[in-house]
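Here are the chains, one letter per residue:
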Amino acid sequence: MQRSPAPSKRRLFTAVILGAAVVVALLVGGTVWAGGQLADQLAPGIPGATGSGPCGSADAVNVELVYAAQSVRACTRQRPVCKNPNPSRFAFDNQLRSSSRRYILFIQFDAVFPADMPQQTVQLDPAALLLPKGPGQSAPPDRAGPPHAIIQVTPRDPTEGGYTADSGTIVLSSTHGIFTGGIDATFSIGSRPDRPQPSTQPSPLKIAGSFTCSAQ
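We now turn to the structure provided with this report. What you see is a predicted model; the values in this text were computed from it and never measured.

1. Concerning the overall build of the chain
Then comes step 1: Helix and strand content of the chain: 1 helix and 10 strands.
Then comes step 2: Traced from its N-terminal end to its C-terminal end, the chain shows the element sequence α-β-β-β-β-β-β-β-β-β-β.
Then comes step 3: For the chain, the proportion of its 216 residues judged to be buried stands at 38%.
Then comes step 4: Restricting the contact set of the chain to residue pairs at least 6 apart, pairs at least 24 apart contribute 63%.
Then comes step 5: Per element, the accessible surface of the chain, about 11,900 Å² overall, is 61% carbon and sulfur.

Printed below as a string of structure tokens:
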């Protein structure tokens, strides 16, 4: 008597079902992961980091964050746009890539600058600047004397509380509306006042590097 092929068919059918389930699970998981990455990349109002690979001379923003036990290069290839959120402010806010995670770099000056300007050194003074950032917010009274600046860095992936440099300088110049800056600043531990989240990670000690941005 010939044996029934039913057991072999059942095993084959079971294998096909299991394989299909694995494929569906991978597709769903990949879609969820990609959606989460896209949503995280498209932070409201903050341009995403551009370029890929190690930071280099082709990157418009290229900074080094120095921690107690390591240093991290963070950058973006495409030149950010500098904005005037109100008549007495000049700023840009952009995401940066690195080998381990992304960062948000926010730089703001308590002055506006001409499209062509010789090099000048701007001192950091966080207490003088903090907010406002948006056009709907009233600017504080004009400060006499030279302009001042603020530098804030917020780690992402996941997003943590940010850090404000409490001392240092930005050497700024412009040519035909393209602004170039050299950063040399130090941090003390603390969170961004406009994003008051507790941070469990070590604070950076220093940020140094360069940026270019186009005036809008």
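Resuming the write-up.
2. Regarding the pattern of salt bridges
Then comes step 1: In the structure shown here, the tally under the stated rule is 4 salt bridges.
Then comes step 2: Of the charged contacts in the structure, one is a salt bridge between R97 and D59, with a shortest N-O distance of 3.1 Å. Note that R97 is positioned in the loop between β4 (90-96) and β5 (103-109) and D59 in the loop between α1 (6-41) and β1 (61-66), a separation of 38 residues in sequence.
Then comes step 3: The buried category is assigned to R97, whose relative accessible area is 9%.
Then comes step 4: Its relative accessible area of 7% is what places D59 among the buried residues.
Then comes step 5: When the shortest N-O distance is used, the salt bridge between K206 and D184 registers 3.8 Å.

3. Notes on unusual backbone geometry
Then comes step 1: Although it is not a glycine, H176 sits at a positive phi angle of roughly 50°.
Then comes step 2: For H176, the position within the fold is in the loop between β8 (163-175) and β9 (178-187).
Then comes step 3: Take H176: its relative accessible area is 67%, and that puts it in the exposed class.

4. Here we look at the nonpolar core
Then comes step 1: Ranked by size, the top nonpolar core spans 33 residues in total, and within it I151 and I207 carry the most contacts.
Then comes step 2: What I151 contacts, discounting residues up to four positions off in sequence, is L105, F106, I107, L124, Y163, T164, A165, I170, I183, A185 and I207.

5. Examining the environment of F109
Then comes step 1: Inspection of the secondary structure puts F109 in strand β5.
Then comes step 2: Classification of F109 as buried rests on a relative accessible area of 2%.
Then comes step 3: Between the alpha carbons of F109 and R89 there is a distance of 5.8 Å; along the sequence they are 20 residues apart.

6. Quick word on the pairing of strand β6 (residues 117-124)
Then comes step 1: With 5 bridges connecting them, β6 and β8 associate as antiparallel partners. In the sheet register, Q120 faces β8, and the bridge partner there is L172.
Then comes step 2: Of the pairings in the sheet, the one linking β6 to strand β7 (residues 148-155) comprises 2 bridges and is parallel in character. Bridge pairing in β7 links Q123 to H148.

7. Remarks on the packing of aromatic side chains
Then comes step 1: A complete count under the given rule lists 5 aromatic pairs for this structure.
Then comes step 2: When the ring of F90 is compared with that of F113, the centres are 5.7 Å apart and the planes differ by 85°; the resulting orientation is edge-to-face. Of this pair, F90 sits in strand β4 while F113 sits in the loop between β5 and β6, placing them 23 residues apart in sequence.
Then comes step 3: Using a relative accessible area of 14% as the deciding quantity, one classes F113 as buried.
Then comes step 4: Note on F92 and F211: the rings are 5.3 Å apart at their centroids and 55° apart in plane angle, and the pair reads as tilted. Of the two residues, F92 is situated in strand β4 and F211 in strand β10 (residues 206-215); the sequence distance between them amounts to 119 residues.
Then comes step 5: Judged by relative accessible area, which is 5%, F92 ranks as buried.
Then comes step 6: A relative accessible area of 1% places F211 in the buried class.

The rules behind the values
- Residues numbered from 1 in each chain as written.
- Predicted model: local features only at pLDDT ≥ 70, side-chain atom pairs only at ≥ 80, totals over all residues.
- Heavy atoms only, no water.
- Helix = DSSP H or I, 4+ residues; strand = E, 2+ residues; numbered from the N terminus.
- Buried < 20%, exposed > 50% of the residue type's maximum accessible area, 1.4 Å probe, protein only.
- Contact = heavy atoms within 4.5 Å.
- Areas by Shrake-Rupley, 256 points an atom, 1.4 Å probe, with all protein chains shown as cover.
- Salt bridge = Lys/Arg side-chain N within 4 Å of Asp/Glu carboxyl O.
- Core = buried A, V, L, I, M, F, W, Y, C linked by side-chain atoms within 4.5 Å.
- Pairing = 2+ DSSP bridges.
- Phe/Tyr/Trp six-rings, centres within 6.5 Å; stacked < 30°, edge-to-face > 60°.

Interpretation in functional terms is not warranted from these geometric data alone.
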